[in-house]
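A look at the structure
As a plain string of letters, each chain reads:
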Amino acid sequence: MRLDQVNKGQRFQITSIPDKQISTQAIRLGIYEGARLACAYKFPAGPVIIQNGMQEIAIGRELAKKIEVRLLDKGDVK
Amino acid sequence: MQCHNMTEKIDINKDAKKIVLVGNPNVGKSVFFNALTGAYVDVSNFPGTTVDISSGRYKDMVVMDTPGVYGVSSFNDEERVARDVILYADIILNVVDALHIERDLFLTQQIIDMGKPVVVALNMMDEVKKNGIEIDVDKLSQELGVPVIPTVAVKGEGIEEIKEALLHCARVGNRLPIVEENLQAVRHLVDEDSEALLVLEEDESIIARHNISGIKGMREQIYQARRERVDEIVKKVMRQTNRGASFSVKLGRWMLSPLTGIPILIVVLWLVYEFVGVFVAQTVVEWTEGLIMGEYYYNFIMNLLEPILGTESFLGQLLIGEFGVLTMTPIYVFGLLLPLVVGFYLVLSIMEDSGYLPRVAVLTDRSLNYLGLNGRAIIPIILGFGCVTMATIVTRILGSRRERFIATMLLALTIPCSAQLGVIAGLLGPLGIKMTALYLFVILLVFAVVGTLLNRVVPGKSTDLMIDLPPLRLPRIGNVLKKTYVKSKAFITEAGPLFLLGAVIISVLQYTGILDLIADGFAPITEGFLKLPRETAVAFIMGIIRRDFGAAGLNDMVSQGLLNPSQVVVALIAITLFVPCIAAVMVIFKERNWKEAILIWVSSFIISFLTAGIVAQVIV
């Protein structure tokens, strides 16, 4: 599943970020392979806002399409 | 871009210890800087960049501020500058936003991995409580291995403790095991532990600086380990006591969601227009340009030089003529541009410091995607309504050359600067809603069509939006003023000389009669295709020198009753789309290569006349 397919409120774990240039920048914002995050808001065909604790990061839709994620069940605690 | 050890640039005692302030953007570093250094501060520009470094003194030590960054490396100008200051620091004061430790501690851990003695200021502790979060400060200090001091810097809480800690208890913290294990292998290649870490992290400039080759970098592994370590620390020290979102969190959400966000954006833009477009561009400029520069200064310089030079000689024309280096240039730069630029940077600094700007970027991201840009490009576009020259310089923040080209072209072509906006609004007002709508429709259409086409044909790849949304905060007035001052000064020193050069070129064209030839050459197009009176060509030519001259020229013609309403709209469309002013053109040549600059210039000509001509054929 890709990040752009996650719905608002869902929790997920990032499984792959293909672009190396992007992943080195993203990791500082808490976005990396293995990170457990939540989708705070999704614009129709626009950016996806992901949340890590109190922090929010906006990801452009095209970029979100390149990021692979796995949905977390309600039971998966952080 | 060539960067060297920044500390050599500032005149300091070589033996003095250097305290360097480090932190993510908008964490309140400058409040600490001011508290440590007091009034005596030196702001210096880092060579080859628009980045400024403040330095001052605390006791017998030098204190240096750095631009806000998320990590130490070389992704952009800010990072390169911060990196070079941090690398050679003696003590680091790391300011951390307590509300965002999962973000900020990444940088903290990296500095600790460099082996620098660190003091951490855990700032904005008041907001932590407000948001129902608890942080175990002692535990955090223990995990990091460095002193951590809770502060509320804007209220002065914790400042004395920080001062004390910097003198006595800065400590080298707990490095990541992966760094500890691998650092020795590269340590002999460089001068400092901090450099060795960046070599391991594959920082190209440090590797090049020490002529290192054949090292197997491990950036990904180290970043991953650091991220995991930070998340582990956060889990140990932070506890959420209730989940009630504060008002600022809710407001931040409203600003983002299109249903509420777009109306908020419209109101904000309207306020900006009222402030910059009406108050500054008309009231303030009338005073600065009309009175101070246009009368006092102009009369002074003419009384001084006219008896010596006369106005007919070439030198007279060059220095004090219509486009003179001593007359028009300073009047334009200081009377008109400066107030506009200051007004706009003031607004932009407020939007930036309050955390609103990234939200606007998110809101506009999707629309800008169609033009091959991402949400970040809204920043130069908004600035363009203030001054296209300034906006063109700001396109540097965009992620790729392709985006910078598209944004520059759209700015040059379609965005009327505030010097013009007032005159345009004044001319459109009396024509009624229909004509105003027609004008807006045509300009927006050109903006959208040209952007979409450029997105299709310009080679390369645009970057995607990835932006941190900081919490909304009331901006600090001192900070806003300082930012405005630094940026306005940088703009004037950069654009001023270019405008001077432009004035010289125009004077030469006029003295040699080439300017008249150009105006005559335009006449067939103006009369035949645009269906406008012959004199309009002069207004267009004036528009090259100063955009508002062009608009003002039209204004004169309207008051003489030379243009009917349809012709006014055609002329306004032409002059809006027409090439930017000479200062902007010079900046375009400087920022882009000459091929791209000529392409932008020539196509602005063609598109403006073509569009206005088509409209003329339909409505006049």
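Conventions adopted
Residues numbered from 1 in each chain as written. Chains lettered and ligands numbered in written order. Predicted model: local features only at pLDDT ≥ 70, side-chain atom pairs only at ≥ 80, totals over all residues. Helix = DSSP H or I, 4+ residues; strand = E, 2+ residues; numbered from the N terminus. Rg over C-alpha atoms; globule rule 2.2 N^0.38 Å. Contact = placed C-beta atoms within 7 Å. Buried ≥ 20, exposed ≤ 12 C-beta atoms within 10 Å, placed from the backbone. Pairing = 2+ DSSP bridges. Axes fitted to C-alpha atoms, helices over the stretch in contact; angles between N-to-C directions. Nonpolar A, V, L, I, M, F, W, Y, C, P; charged D, E, K, R; others polar. Parallel < 35°, antiparallel > 145°, perpendicular 65-115°, else oblique. pLDDT = per-residue confidence, 0-100. Core = buried A, V, L, I, M, F, W, Y, C linked by C-beta atoms within 7 Å.

Quick look at the overall build of chain B now. When you go through chain B residue by residue, the secondary structure sums to 27 helices and 11 strands. Rg of the C-alpha trace for chain B: 28 Å, near the compact-globule value of 25 Å for 620 residues, within the 12% margin. Overall, chain B is about 80 × 60 × 50 Å in size when its C-alpha atoms are taken along their principal axes. In chain B, the share of contacts with a sequence separation of at least 24, taken over all contacts with a separation of at least 6, comes to 74%.

Turning our attention to the overall build of chain A. Within chain A, the secondary structure is distributed over 2 helices and 5 strands. Starting at the N terminus and ending at the C terminus, chain A contains elements arranged as β-α-β-β-β-α-β. Its C-alpha atoms give chain A a radius of gyration of 11 Å, near enough to 12 Å, the size a compact globule of 78 residues would have. Its C-alpha atoms put chain A at 35 × 25 × 25 Å along the principal axes. Of all 78 residues assigned to chain A, the portion counted as buried reaches 46%. Pairs at least 24 residues apart make up 56% of the contacts formed inside chain A by residues separated by at least 6 positions.

Attention now goes to the environment of Ile378(B). Residues and elements named next belong to chain B. Positionally, Ile378 belongs in helix 16 (residues 378-384). Given 21 C-beta atoms within a 10 Å radius, Ile378 is considered buried. In this structure, the C-alpha to C-alpha distance between Ile378 and Pro358, residues 20 residues apart in sequence, is 9.6 Å. Among all residues touching Ile378, those that are not within four sequence positions of it are Val360, Ala361, Thr364 and Leu368.

The next point concerns the sheet that holds strand 3 (residues 48-52) of chain A. Here 6 strands make up an open sheet; going across it, the order is 5(A)-1(A)-2(A)-3(A)-4(A)-11(B) and the pairing antiparallel. Two strands close off the open sheet at either side, each with one partner strand: strand 5 (68-71) of chain A together with strand 11 (466-469) of chain B. Strand-to-strand twist across the sheet, computed as the mean angle between neighbouring axes with direction ignored, equals 40°. The pairing of strand 4 (residues 55-59) of chain A with strand 11 of chain B spans 4 bridges and is classified as antiparallel. Looking at the pairing, Glu56(A) lines up with Leu469(B) of strand 11 of chain B. With respect to the sheet, helix 15 (residues 356-369) of chain B is in contact with strand 4 of chain A together with strand 11 of chain B, its orientation differing from that of strand 11 of chain B by roughly 140°.

Moving on, we get to the interface of chain B and chain A. Across the contact, 26 residues belong to chain B and 25 residues belong to chain A. When contributions to the side of chain B that touches chain A are tallied by element, the ones reaching two or more residues are helix 3 (101-114), helix 10 (219-237), helix 15 and strand 11 of chain B. Here the side of chain B that touches chain A is composed, by residue class, of 12 nonpolar, 6 polar and 8 charged.

To continue, consider the pairing of strand 1 (residues 11-16) of chain A. Pairing of strand 1 of chain A with strand 2 (residues 36-42) of chain A involves 3 bridges; the strand directions are antiparallel. Of the residues in strand 2 of chain A, the one forming a bridge with Phe12(A) is Leu37(A).

Backbone phi values are negative for most residues with the exception of glycine, while trans is the configuration of most peptide bonds. The residue Ala45(A) is not glycine, and still its phi comes out positive at about 60°. The phi dihedral of Lys59(B) falls on the positive side, at around 50°, and the residue is not glycine. Structurally, Lys59(B) is set in the loop between strand 3 (52-58) and strand 4 (61-64).

Residue and element names in this part refer to chain B. As for its placement among the helices and strands, Thr327 is situated in the loop between helix 13 (314-320) and helix 14 (328-353). Separated by 26 residues in the primary sequence, Thr327 and Ile301 have C-alpha atoms spaced 7.5 Å apart. Beyond its immediate chain neighbours, meaning those up to four positions away, Thr327 contacts Tyr298, Ile301 and Ile320.

Turning next to the packing of helix 12 (residues 258-309) of chain B against helix 19 (residues 418-428) of chain B. Between two packed helices, what matters for the description is the angle formed by their axes and the separation of those axes. Residue and element names in this part refer to chain B. The N-to-C vectors of helix 12 and helix 19 enclose an angle of 95°; their axes lie 9 Å apart at closest approach. In terms of their interaxial angle, helix 12 and helix 19 are classed as roughly perpendicular. Contacts between helix 12 and helix 19 involve Val276, Gly277, Ala281 and Gln282 from the first element and Ser418, Ala419, Leu421 and Gly422 from the second. A breakdown of the residues in the contact of helix 12 with helix 19 according to their chemical character gives 4 nonpolar, 4 polar and no charged.

A few words on the confidence of the model for chain A. In this model, chain A carries a mean pLDDT of 85, and residues with pLDDT of at least 70 account for 94%. Mean pLDDT values over the elements of chain A span from 80, in helix 1 (residues 20-26) of chain A, up to 93, in strand 5 of chain A.

A few words on the nonpolar core. Residue and element names in this part refer to chain B. One finds Val119, Leu572, Ile573 and Ala574 to be the most contacted residues of the largest nonpolar core, which totals 209 residues. Examining the composition of this core, we find that 16 residues originate from one element, helix 14, more than from any other. Ignoring anything within four residues of it in the chain, the contact list for Ala574 reads Leu530, Phe540, Ser608, Phe609 and Ala612.

Right, let's get into helix 19 of chain B. Residue and element names in this part refer to chain B. The buried fraction of helix 19 is high, at 8 of 11 residues. Regarding helix 19, the residues found buried are Ser418, Ala419, Gln420, Leu421, Val423, Ile424, Leu427 and Leu428. Buried residues along helix 19 sit in contact with helix 12, helix 14, helix 20 (433-457), helix 24 (547-559) and helix 25 (565-577).

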